[in-house]
Structure formats: structure tokens, C-alpha cells
Amino acid sequence: MIREQLIDALGVAAGNAGVDPLPATIELERPAHRDHGDWSSNVALATSKTVGKNPRALAADIVAELERELPAHVESIEIAGPGFINFRLADTWLHEVLESVLDAQPQTFGRSATGDGTHVNIEFVSANPNKPLHAGHARGAIYGDAVARLLEATGHHVTREFYLNDRGVQMTLFADSLAARKRGETVPEGGYQGDYLVDWAAEMPDDADPLEWGYERAVISHKTTLGRLRIVHDVWFSERTLVADGQVEEALQQLRDREMAFDNDGATWLRSTEFGDDKDRVLIKGDGDYTYLLPDIAYHRDKYSRADKLINVWGADHHGYVTRMKAGVGALGHDPADLEIIITQLVDLLRDGEEVRMSGRLGDMVALDDVVDDIGADATRFTFLSQSMDTRQTVDLGALAEKSMDNPVFYVQYAHARIHSLRARAAQAGHVATDAASRELALLTHEREIEMMRVLSEYPDVVALAARERAPHKVITWLRQLAAAFHGFYHDCHVMGDDIDTALTLARLALIEGARVGLVAGLDLVGVSAPEAM
RNA sequence: GCCCUCGUAGCUCAGGGGAUAGAGCAUUGGCCUCCGGAGCCAUGUGCGCAGGUUCGAAUCCUGCCGAGGGCGCCA
């Protein structure tokens, strides 16, 4: 790849110019402005102090070394600003990029093996199995799945996991509420109010055990809703079985053996202050019941035995548990660094500008199914992935439901549909796809064509960065760029026509095929479909 | 009080050490004899404030201001 070639050449040149030692990494980036060339390096700026020269003078020395034998594709090298070294390349480097895109096809374009088969377990959603998922679950659900896709695309072995809190008081309360509905009564004090229970009660056979039947029904509900969003968990892990298998007691014993658990005031405590927590935490309450923490520790103990690295996706309202969870696994002797807890900021849900309440009884909430009904899986996924998880997100369901231009997913999908339409027309006109040897990509020199290839060239870096930073929104941003580049090309450069030379038509068909590969690959990475017609 | 995240254009958000800070929506005005107008082009005195680190800060550090979330023998 051109990037590595230039970095290598820079390293050699800098060494010959007296830079010693060479920096750990030589930075090479794409300048924001086209006037600054195709690639730019700051080595001279970064190392001038150690060499004892002013940056521009050092840059001149390095450039002189580089000019002894220009690296492939390089047309000229300039020194600019305070001492940047700017490379101006011939378009041939982009033709080479396009060739590699066509070669890769959507199945492999942008993918890498950097994860080296590391087994990552990512746990997300994990909503209680006693009521349907609501809109507030959307962000974490879609995000978790997108991160899983990114990790898979970068050579990790991924397990998607859902933890079921299927024991405890809330399950009993749920069963009681369901049974009451079945009898046509109002739910008990503090019970589950939602209308869904009326429907579930109607479905429930008379002789069914409300707890077991309701639990199963809720899990089906979760799976169905998630399935509509193309989210499929590999493992549904039951807290109940964890207790039944004796794993909770084993974990507790392990903590005791390591002197990380102690008894005080009639309760059993975790020595979490050993791991930076501001106080120790209760594992077993005075009444003998576990707190949520102990089964959670046992659960993570089990996960550590099944994967190299753990990721938990939690909402912002759980951020206070990060320290004690890490303390818990640390107390077991595991490396807390292998447990990555990602906090997603909350979502403000609006409907036509008006706030939709996310708290309180279910009656006030919007079911996730309703969101999918209103705006579809594609728009839902695209929207919830379009911004960083570190920022609070505002989503207006009303605006999205209109399928208006407020949602760029259509802009991206439209690009794909146009390409499909072009291909069909081309086939009709008898333009057959040509092999690498006979297509003349050198004909692609229009500004719009160049721009499209430049965007395509960035995709592998985007995927790598998005995966490393757990930031699928970077893929969304890139897709919008590619779609914009394509639409601009489509407007200014006709693929077929009386005044278009056949060779150019074939070259442009190759180019839009490259765009198609990019769109399909990118959309697949975020789990959004690439429709052939809209 | 302490902890976490955020503060970028009228609105929703990208950009997370580089050289002139970008997109969508909204506004205003252009572009259909021609591959799908769900499109293209033009239109903007914006990085909360103050210090610091650096050759260079929207980006890193500190403080302040503002918004949201969290600090249970609840889950």
C-alpha cells in the first residue's frame, strides 16, 4: 500500500538526513486541503528539536534524500508551512486503490486480521425478562451489535451475549402481576402496569405457571424485537442457572480464599477499596440474600473462562457500577483491564418536538417495536449509530417517521439504488464487465472520479479506527462521504451516452462498481440494508 | 460534596495534536432535450470562559460556568 511505502521511504530518508533516533511512528496523513498534496508528513517538525536544526531546513534535507529516487506514484514533494513534507501523487495511485477495491469485493473490502482471532465476548441489552424492550434500549442494542460487527471485521472471534436477570423479587412481582391480569384483576401494589401484560395474560394457557410462562414469553419478545433490528445474540445466559450450578458459591469461596471477602455487621463484604473503590460493597445482605453484585461477579468469572476479552455495554445510569464491577473481577484475580465497560449516554426521545417520557410506568414509554414499525430497521439502526456514544442523543421519532431528508440513510441507500439502476442499463446496452487487464482505469481523471477513489481509499483506515475506538459512527460518517462523492459524480459524469467513449464507459462502470463495493461493505458493517430499488 | 460524559453554524451532529474547522436540516438563489431531482451547485465573521503544555490546541492538562447521568445491605 502507498501509505506504508511512503512511510518506509520517509524513514530511510530521515535517517540519512541525520535524524537519530527515528521516531517510533512516522506520521503520514491526508491534508485537509487539496493544495497541500495527497499525503503529508510532520517528521521534520516532530524531530527538528532532537536533530538541532530548524524544521524547514531539516525538511529540505529529508526531501533531498527522498528525491534521489522518488517512491512509486510520487510526482513531487514540497515543503510547506512550518516544515510539512507534502507528497503530490499521480492519479495512478488511486487507480491502484480502485483495482484493489474491485478485487476485494464487499466480502473482504476493509476487513483485516489484526484481531488475530482474539475471542471477545460482548454483552449488551441484558434487559430484564419481564417486559418488552422500549425505545431506551435501542441505542445500546444497536451499538453493541455494531461493535460486534466491527470486531468481526477486524479478525476477532465474537460472542454476542445477553444476561438474563431471571431471579429475584422483580420476577416474582412480574409473575404476580401476570396472574392478576389473567384473573382480570388489577395488578398488585408496585406491580407491572403495562398493557402488554393484558395481552400476555390472554395468551397464557390456564394451567401455565405465570412465572415460567411469563419469563419465556418475555424472552421471546426480546428475541423477536431484536431480530427485527438484525440483532442476534449467541448466548442467553441465565442468572438462575448460575445460582443452581453453585457458581455463585464458588465465586464467593474464591473471594474468601483470596481474602477479598469478609464478614461484618452480619453481612458479607467485597474488599473493593483494594481496587480503587471509595468503599467496600455488600455481597450478601444481613437477611442472607445476595445483592446484585455477587451473582454479577460469578457471571463475569464465568465469562472470563470463555473469552480473552470482555466488553459490557451499559447505559449512563449504570456508570456508578463500573468501579465495583472491575473491583469484583480484580478480586477474583482477573485482570480488570480485560473487562472493558462502555457507557453509552442516554437518549432524549421526542415525538414531533415533544419529549416522550422514558421513565416511570411502561404506559409512558415507547416500545422499541413501535419505533421499528414507524421508521423501519434501517433508519433505526442508521440513526442510533450516527453519533458518538459519548454524547447525549436527541431522536425525534415524528421527524424520522416522515422518511424525510432528516434521515441520511436514504441518501446513502439512494446512491446504491442508482448504481444498481446504472448497472442494469449498462447490461441492457451490452456493456459487459471487463477484467482487470482490459479496463482502462487511467481514463478516470475527472475531479469527481478522483474524489470517489480518494474516499474509497480511506475505508480500510476508517474500519480499523472505528473498531479500535469502538466507534461505529465513523463508518456512518464515511458512508455519507462516499454517497456524496457518488452523487456528485453521477451529476457531472455520465457513464453512458453517445458522446461517451466505450472505453470511458467501461472505466466508469468499474468505478461505480467500486462505489457499490464500498457502500455494500460499509452498510453491512453497520447492519443496514443496501436496497437495489427504492 | 465527590465521580463520569458532554458544551463546535439558527437546529442535529462530524472532526479528538497540524497548515484556510466540515456535513445534513433550515434560509436564500440557481440547475431537468440527457443514466432515478430521494440529486447537483452556490449561500455562513461558529470551537462556553480563563489560564497552561507545545514549533503548533476545537483536540492534551488545570480551574470556572452550563447541561445530563451517577454516588443504597435496590437491580
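Everything that follows concerns the structure shown earlier in this document.
Residues numbered from 1 in each chain as written. Chains lettered and ligands numbered in written order. Predicted model: local features only at pLDDT ≥ 70, side-chain atom pairs only at ≥ 80, totals over all residues. Heavy atoms only, no water.

A. Up close: the nonpolar core. One finds L10, I62, L66, I85 and F87 to be the most contacted residues of the largest nonpolar core, which totals 132 residues. A per-element tally of this core places helix α18 (residues 502–525) first, with 12 residues. Residue contributions to this core reach at least three from each of two domains, namely domain 1 (2–90) and domain 2 (408–525). For F87, the contacting residues outside a window of four places in its chain are L6, L10, L28, G37, D38, W39, L66, V74, S76 and I77. (Core = buried A, V, L, I, M, F, W, Y, C linked by side-chain atoms within 4.5 Å. Buried < 20%, exposed > 50% of the residue type's maximum accessible area, 1.4 Å probe, protein only. Helix = DSSP H or I, 4+ residues; strand = E, 2+ residues; numbered from the N terminus. Domains from an automatic or database assignment. Contact = heavy atoms within 4.5 Å.)

B. Quick peek at the pairing of strand β5 (residues 119–123). Burial analysis of β5 places 5 of its 5 residues in the buried class, which makes it a mostly covered element. Between the parallel pair β5 and strand β6 (residues 157–164), the chain is carried across by helix α5 (residues 138–153), and the sense of this crossover is right-handed. Note that β5 and strand β11 (residues 309–315) share 4 bridges and pair parallel. Opposite E123, over in β11, you have N312 as the bridge partner. (Right-handed = clockwise from strand over helix to strand, strands pointing away. Pairing = 2+ DSSP bridges.)

C. Examining the pattern of salt bridges more closely. Tallied over the entire structure, the rule returns 37 salt bridges. The shortest N-O distance in the salt bridge between E212 and R240 comes to 3.2 Å. Within this pair, whereas E212 is found in helix α8 (residues 210–228), its partner R240 is found in helix α9 (residues 239–244), the two being separated by 28 residues in sequence. Take R240: its relative accessible area is 27%, and that puts it in the partly exposed class. With its nearest N and O atoms 2.7 Å apart, the salt bridge here joins D302 to R306. Residue D302 and its partner R306 are located together in helix α11 (residues 293–306), separated by 4 residues, close to a single helical turn. According to the relative accessible area criterion, D302 is buried, its value standing at 13%. One continuous salt-bridge network, built from bridges that share partners, spans D145, R149, E152, R160 and R381. (Salt bridge = Lys/Arg side-chain N within 4 Å of Asp/Glu carboxyl O.)

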